[in-house]
Amino acid sequence: MDLTKVWKAALGELEVIISRASFTTWFKGTYILNLKEEEIILAVPNAFSKKWISEKYHGKILLALKKRLPLVKEITYQVAPQDPLKIELSFPSRSKSAELKKERPAPPSLKPEYTFDSFVVGKTNDFAYATAKGVAGNPGKKHNPLFVYGGVGLGKTHLLQAIGNEILTKERLKKVVYVSCETFTNDFIRAIQTGKTSQFKKNYREIDVLLVDDVQFLANKEGSQEEFFHTYNTLHQTNRQIVITADRTPKNIPGLEGRLSSRFSQGIVADIQPPNFETRVAILKSKCQEKNFLLEEETVNYIAKNIHSNIRELEGALARIIAFCDLNKCPPSVELATKVLKDIIATPGPGFLTIEKILIEVSRFYHINKDELLGKKRNKEVVYPRQIAMYLLRHELGFSYPLIAKELGGKDHTTIIHGCKKIGKEITKNQNLKEELSSLKEQLYAI
Ligand code: ADP
Ligand code: MG
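Residues numbered from 1 in each chain as written. Chains lettered and ligands numbered in written order. Predicted model: local features only at pLDDT ≥ 70, side-chain atom pairs only at ≥ 80, totals over all residues. Heavy atoms only, no water.

*Asks:* Just give me the short version of the packing of helix 3 (residues 47-56) against helix 15 (residues 311-328), but keep the residues and values in it.
*Replies:* Packing of helix 3 against helix 15 leaves a shortest axis separation of 8 Å and a crossing angle of 45°. Comparing their axes, helix 15 and helix 3 come out oblique. Where helix 3 abuts helix 15, its residues Ala47, Phe48 and Trp52 lie against Glu313, Gly316, Ala317 and Arg320. Each residue belonging to the contact of helix 3 with helix 15 can be placed in one class, and the counts come to four nonpolar, one polar and two charged. (Axes fitted to C-alpha atoms, helices over the stretch in contact; angles between N-to-C directions. Helix = DSSP H or I, 4+ residues; strand = E, 2+ residues; numbered from the N terminus. Parallel < 35°, antiparallel > 145°, perpendicular 65-115°, else oblique. Contact = heavy atoms within 4.5 Å. Nonpolar A, V, L, I, M, F, W, Y, C, P; charged D, E, K, R; others polar.)

Structure follows, in structure tokens:
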């Protein structure tokens, strides 16, 4: 059964009964991930959509799906990486879908808005950005392959497609292929089923630039790994550019063959970390500008302070505020943002975490004073709490290593990397440390 078609039809029906603004805001990027007997797994782009869609539209969605799949009784909403192919197919715009089909033959092309210009650079993504730029300026010659990794919603797909878009602006005739790992695998399986493997091989081996997204999905798919290995070698040996993204480093992808992970590490491996406060502010400002939406500094800061996990969530928060203002014809403000985002922001007000709070609580907990924590002494009594502070800044506030280095009195960022890693390792085997950290966190988030 073609689940894409089912969802497309259901969306067509929902579009008619839901207001235009809400439909556009909440259903863009949704698609059916899976069907398990009586249960549909519906992919949604972020936590906001998940909450909103499941609370407001569950009944309507279930009805629309039941018409097409009578056995379905349940829907599970799952935040999933976006596949541009799926977004396009599953989101019929009233007039455009026919046009799009004509203009964009498979394989799916790139989203034009994913460019280097629209990518905000900060401390947590500058290395990945610089290497991606380098690749786009000199495909196949510098950094081959480029492997970009990072958590969900941090800009991997955006950066990957920016490379493709930039290369195509300069050399229109280059064959640039963007493919999600899932699509590669599905194409491969279909090729086997239809006896068209030689065509498949030919298609994938006549490429100038191959952009493969979310390669962690290759895990445990032996046949696809084998095929990908040969495609990879053919392209690499002839200096064609390969760029790969994943949610972790090549070595840490379980179920990925050693020969692939070692090849993925051959060129350059760049990480993207969660954005720090400054970057979150810059991103919000840039998105407001793109959407021509006016948001004062205070509200921008409020959102950036409260939403720190990833950029997709930030965009979701902004979309929600914009939709609310549009529907109610009112201007945005901190009060409005507080109201609109209240069910998403877990611990607003006094429970809200800041760097200052971390420094104060850690000092108090280990009976040292804050100056010692920020100082340069290296005795055990202060080094250990300092490393705990580093770890918390890294993991609770998502600070980059250089930023922690700066905030902790101008230390070297390698000292910070060492400290965070040490605590991270220790925590897996030392029960006392685990308990210490959890009571510290309790203090930190206490209201
Ligand atoms: P990932 O592939 O890592 O899950 P995406 O590339 O899909 O993340 O990014 C999620 C959303 O956040 C996209 O809409 C993207 O345009 C936006 N985004 C991510 N990073 C940035 C950035 N540095 N500047 C501007 N927008 C960004
Ligand atoms: Mg992605």
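*Asks:* Now, about the packing of aromatic side chains: what can you tell me, with residues and values included?
*Replies:* Tallying each qualifying case throughout the model produces 15 aromatic pairs. Here Phe23 and Phe27 contribute two aromatic rings whose centre-to-centre distance is 5.4 Å and whose plane-to-plane angle is 20°, an arrangement assigned as stacked. One end of the pair is Phe23 and the other is Phe27, both in helix 2 (residues 20-27) and four residues apart, which spans about a single turn. A residue is classified by how much of its surface remains accessible, and Phe23, at 0% relative accessible area, is buried. Ring centres of Phe27 and Tyr57 lie 5.5 Å apart, and the angle between their planes is 55°; this geometry places the pair in the tilted category. Taken together, the residues Phe27 in helix 2 and Tyr57 in the loop between helix 3 and helix 4 (58-68) connect sequence positions 30 residues apart. Both residues of the pair, Phe27 and Tyr57, count as buried. One aromatic cluster in this structure is built from Phe147, Phe184, Phe188, Phe200, Tyr204, Phe228, Tyr232 and Phe264. (Phe/Tyr/Trp six-rings, centres within 6.5 Å; stacked < 30°, edge-to-face > 60°. Buried < 20%, exposed > 50% of the residue type's maximum accessible area, 1.4 Å probe, protein only.)

*Asks:* Residue-level account of the nonpolar core, with values.
*Replies:* Note that soluble globular proteins tend to have their nonpolar side chains buried in a common cluster. Counting 53 residues, the largest nonpolar core has Trp7, Phe27, Ile61, Leu65, Ile303 and Ile321 as its most contacted members. If one sorts the elements of this core by residue count, helix 15 sits on top with seven residues. Those residues within four positions of Ile61 in sequence are excluded, and the remaining contacts are Trp7, Leu14, Phe27, Leu42, Ile53, Ile75 and Tyr77. Membership of the second largest hydrophobic core comes to 30 residues, among which are Ile355, Ile368, Ala389 and Leu440. (Core = buried A, V, L, I, M, F, W, Y, C linked by side-chain atoms within 4.5 Å.)

*Asks:* Break down the packing of helix 13 (residues 277-291) against helix 15 for me, citing the residues and quoting the values.
*Replies:* At a minimum axis distance of 11 Å, the contact between helix 13 and helix 15 shows a crossing angle of 45°. Here helix 13 lies oblique to helix 15, going by the angle between them. Here helix 13 runs over helix 15; the crossing is right-handed. Residues Arg280, Ile283, Leu284, Lys287, Cys288 and Lys291 of helix 13 form the contact with helix 15, whose participating residues are Ile311, Leu314, Glu315, Leu318 and Ile322. Tallied by class, the residues present in the contact of helix 13 with helix 15 amount to seven nonpolar, no polar and four charged. (Left-handed = near helix turned anticlockwise from the far one by under 90°.)

*Asks:* Please provide a residue-by-residue account of the sheet that holds strand 3 (residues 74-79), values included.
*Replies:* With mixed pairing, the three strands of this open sheet are ordered in space as 1-2-3. On the outer flanks of this sheet lie strand 1 (31-36) and strand 3, each paired with one strand and no other. For this sheet, the mean inter-axis angle between neighbouring strands, taken without regard to orientation, is 25°. Sheet topology places strand 2 (residues 39-44) next to strand 3; six bridges connect them, and they run parallel. Looking at the pairing, Val44 lines up with Val79 of strand 3. The strands that helix 3 touches are strand 2 and strand 3; relative to strand 3, the one it contacts most, it runs at about 160°. Packed on one face of the sheet, helix 4 meets strand 1, strand 2 and strand 3 and runs near 115° to strand 3. (Pairing = 2+ DSSP bridges.)

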